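Listed below are the residues making up each chain.
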Amino acid sequence: MSMIKETIEKVKKKDPEQLEFIQAVTEVLGTLEPTEKKHPEFVKAALYERIVEPDRQILFRIPWVDDKGQVQVNRGFRIQFNNAIGPYKGGLRLHPSVNLGIIKFLGFEQIFKNSLTTLPMGGAKGGSDFDPKFKSDDEVMRFCQAFMRELYRHIGPDCDVPAGDIGVGGREIGYLYGYYKKIVNRHEGVLTGKGLEYGGSLIRPEATGYGLVYFTAEMLATRKMDLKGKTVAVSGAGNVAQYAIEKVNQLGGKVISLCDSDSTIVDEEGISGKKFDFVMELKNVKRGRIKEYAEKYKTQCFPGKSIWDVIKEKGLKVDIALPSATQNEINKGHAEALVKNGCFCVAEGANMPCNLDAIKVFQSSNVLYGPAKAANAGGVATSGLEMSQNSMRLNWTREEVDNRLLMIMKSIHKSCLDAASTYSEAGDYLAGANIAGFIKVAKSMLAYGIV
Ligand code: NDP
């Protein structure tokens, strides 16, 4: 058996309950087989086996007091997966579903994504099973302070630089950074996604969504197409979804859907102008539910369903899908329905939103499929630019950061295609992203010897 196959089997045996991690390892390693043949030195150094084992796993208790004066206890995680090419870097997720398997899958993916950005950043991820939904600002603050009370000793600007993810936006980063600064008495670039007034970068909030659409435009250009006049389905209603919509609108496309964990809304006229402003206010200021959009604009609302369920059940026609909510939202049935309804391009805004069977459907149907680690890498890339600005104690303009983001997304797109042509099949973005991300990390690990 090849070392890659052996490694996948070992992961399944060692951590059988970590389903998302097993899925991510199977997806990544499954495409790395050509590297095994081309680089026997990787096999000799057991790189495949070493890369699936995190450098360090930090698990901790987070006790905090709610508004009623009751003590609550949550579980905290920081998985420092691999720092071969730079300090650990990756977001923090606050969601009740968070567990070790989910944080490991996210940290593992982050290694390759960060490598693809061309910036020197290793892979990590963290979070907690705390649910910020329906909590008061004070409760969120007390939780964030309790979380940082333990996390601070494991992170640092040259060691590990966390950022946001699901449930962690500007408000949470502010509380986390404020408490870190208080404890260590240093103002330094230890978190990204900071407010502009205290070290943040312009374009960081927009970066994942904008980058996703820049990557989509690059994929379309390979078939001499662009976003003008295209109908786009977006899932989620958070940071990634919001700025993906803004950029699709700017490039002449039409977004017809949004969802949160309660419901999906479909607006076939397009979510733009005042309607888009309403979503931004609803989600970022009022912290309301997406069904309020349907109530205000008298559009269709589907409680308990995702947009992918709606497309499957109602036969809604879309050209492009940008899943931007969470992992495994698109299964084989959804993928088949998308293809049947004319979808020719899928780019992943969320991490691992398509399961392995869905990916196979897209690939066998000649759909342009942009995997998350390439398509949504704009967020972490701009976090890398925030780190650079913090180190230089300088701020770049909006245009400068946006231009760098665009260049990085173009370069990621090219790296994927180049690696696919060299090692796999031309146009295979999945293999291309995994291989291009892996080679740089693998060569660095090789240089360090057995550590
Ligand atoms: P947010 O918390 O801002 O938004 C997440 C959105 O997705 C919310 O509308 C949320 O609804 C919805 N959602 C979450 N879980 C589910 C679910 N199980 N079913 C239906 N809807 C759900 O997170 P982000 O936009 O930051 O992140 C979205 C995805 O993008 C994640 O996979 C994240 O890892 C990935 N990503 C984010 C980056 C970033 O820079 N923020 C960078 C790269 C990837 P509700 O409010 O009801 O929970």
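Residues numbered from 1 in each chain as written. Predicted model: local features only at pLDDT ≥ 70, side-chain atom pairs only at ≥ 80, totals over all residues.

1. A few points about helix 17 (residues 378-392)
The test is simple: Helix and strand definitions follow DSSP, with helices as H or I runs of at least four residues and strands as E runs of at least two, each counted in order from the N terminus. Working rule for helices: expected span equals 1.5 Å times residues minus one. With C-beta atoms placed from the backbone, a residue is buried if 20 or more other C-beta atoms are within 10 Å of its own, exposed if 12 or fewer are, and partly exposed between those counts. Contact criterion: two residues are in contact if their C-beta atoms, reconstructed from the backbone, are within 7 Å.
Between its first and last C-alpha atoms helix 17 spans 21 Å; for 15 residues at 1.5 Å apiece the expected length is 21 Å, and the two agree. Counting buried residues along helix 17, 12 of its 15 residues qualify, which places the element largely inside the surrounding structure. All of the buried residues along helix 17 are G378, G379, V380, A381, T382, S383, G384, L385, E386, M387, Q389 and N390. Considering only its buried residues, helix 17 is in contact with strand 3 (88-94), helix 6 (100-116), strand 5 (160-163), helix 9 (204-221) and helix 18 (398-423). Looking one or two places after helix 17, you find R393, whose phi comes out positive at around 55°.

2. Describing the sheet that holds strand 9 (residues 263-266)
How we decide: Two strands are said to pair when DSSP picks up at least two bridges between them. In this analysis an axis means a line fitted to C-alpha atoms, helices contributing only their contacting stretch, and an angle means the value between N-to-C directions, from 0 to 180 degrees.
Ordered in space as 8-9-10, the three strands form an open sheet in which the pairing is antiparallel. Looking at which strands have only one partner, the edges of the open sheet turn out to be strand 8 (257-259) and strand 10 (300-303). Pairs of neighbouring strands in the sheet enclose a mean axial angle of 15°, with direction left out of account. Where strand 9 lies against strand 10, four bridges are found, and the strand directions are antiparallel. Bridge pairing in strand 10 places V266 opposite Q300. On the sheet, helix 13 (residues 307-314) packs against strand 8, strand 9 and strand 10 and is oriented at approximately 60° with respect to strand 9.

3. So, the site of the ligand
Counted only if it meets this: Whether a residue is near a molecule or strand depends on its C-beta atom, placed from the backbone, lying within 6 Å of it. Residues are grouped as follows: Ala, Val, Leu, Ile, Met, Phe, Trp, Tyr, Cys and Pro are nonpolar; Asp, Glu, Lys and Arg are charged; every other residue, Gly included, is polar.
Contacts to the ligand come from 24 residues, most closely from G238, D260, S261, A350 and G379. By residue class, the composition of the shell around the ligand is seven nonpolar, 14 polar and three charged.

4. Overview of the environment of I79
Its location among the elements puts I79 in strand 2 (residues 71-82). As a C-alpha pair, I79 and M141 span 62 residues in sequence and 23 Å in three-dimensional space. In this view, I79 contacts P54, Q57, I103, K104, G107, A124, K125 and G126; residues no more than four positions away in its chain are not counted.

5. Here we look at the packing of helix 6 against helix 19 (residues 429-447)
Selection rule: Note on angle classes: values under 35 degrees are labelled roughly parallel, values over 145 roughly antiparallel, values of 65 to 115 roughly perpendicular, and the remainder oblique.
Two elements in contact, helix 6 and helix 19, have axes separated by 8 Å at closest approach and are oriented at 85°. Judged on the interaxial angle alone, helix 19 and helix 6 are roughly perpendicular. Counting all contacts with helix 6, which are made through I111, F112, K113, S115 and L116, the residues of helix 19 involved are A433, N434, A436, G437, F438, K440 and V441. When the residues that make up the contact of helix 6 with helix 19 are grouped by side-chain class, the tally is seven nonpolar, three polar and two charged.

6. What to know about the environment of K133
Looking at where K133 falls in the secondary structure, it is placed in the loop between strand 4 (122-128) and helix 7 (137-151). Remark: the alpha-carbon pair of K133 and G167, spanning 34 residues in sequence, is separated by 8.1 Å.

7. Some remarks on the nonpolar core
Operational definition: Nonpolar cores are built from buried Ala, Val, Leu, Ile, Met, Phe, Trp, Tyr and Cys residues. These are joined into a set through C-beta atoms within 7 Å. An automatic or database domain assignment provides the domain bounds reported here.
Counting residues in each nonpolar core, the largest one holds 120 residues, and the members touching the most others are V25, A244 and L258. When residues of this core are assigned to their parent elements, the largest contribution, 11 residues, is made by helix 19. If you count residues domain by domain, this core takes at least three from each of domain 1 (54-187) and domain 2 (207-375). Excluding its chain neighbours within four sequence positions, the residues that come into contact with L258 are V234, A237, A241, I265, I271, V279, I290 and Y293.

8. Regarding the pairing of strand 4
Consecutive side chains of a regular strand alternate in pointing toward one face of the sheet and then the other. Quick note on the threshold: If you view a crossover with the strands going away from you and the path from the first strand over the helix to the second runs clockwise, you call it right-handed.
Counting buried positions along strand 4 gives seven out of seven residues, so the element sits mostly inside the fold. Burial of strand 4 is two-sided: the residues G122, A124, G126 and S128 facing one way and the residues G123, K125 and G127 facing the other way are all buried. Note that strand 2 and strand 4 share six bridges and pair antiparallel. Residue pairing for strand 4: G76 is matched across the bridge by S128. Pairing of strand 3 with strand 4, which is carried by five bridges, proceeds in the parallel orientation. Bridge pairing in strand 4 places L94 opposite S128. Since strand 3 and strand 4 lie parallel, the crossover through helix 6 that links them has a hand, and here it is right-handed.

9. Thoughts on unusual backbone geometry
Peptide bonds are mostly trans, and most non-glycine residues show a negative phi. With a phi close to 60°, N185 is a non-glycine residue in the positive phi region. Within the secondary structure, N185 is located in the loop between helix 8 (170-184) and helix 9. With 6 C-beta atoms counted inside 10 Å, the residue N185 sits in the exposed group. Despite not being glycine, N328 shows a phi value in the positive range, around 55°. Along the chain, N328 turns up in the loop between strand 11 (320-322) and helix 14 (332-340).

10. With respect to the domain arrangement of the chain
Looking at the chain, the domain boundaries give domain 1 (54-187) and domain 2 (207-375). A C-alpha centroid distance of 27 Å is found between domain 1 and domain 2. Contacts between the two partners involve eight residues from domain 1, matched on the other side by seven residues from domain 2. Here the residues of the side of domain 1 that touches domain 2 are counted per class, giving five nonpolar, one polar and two charged.

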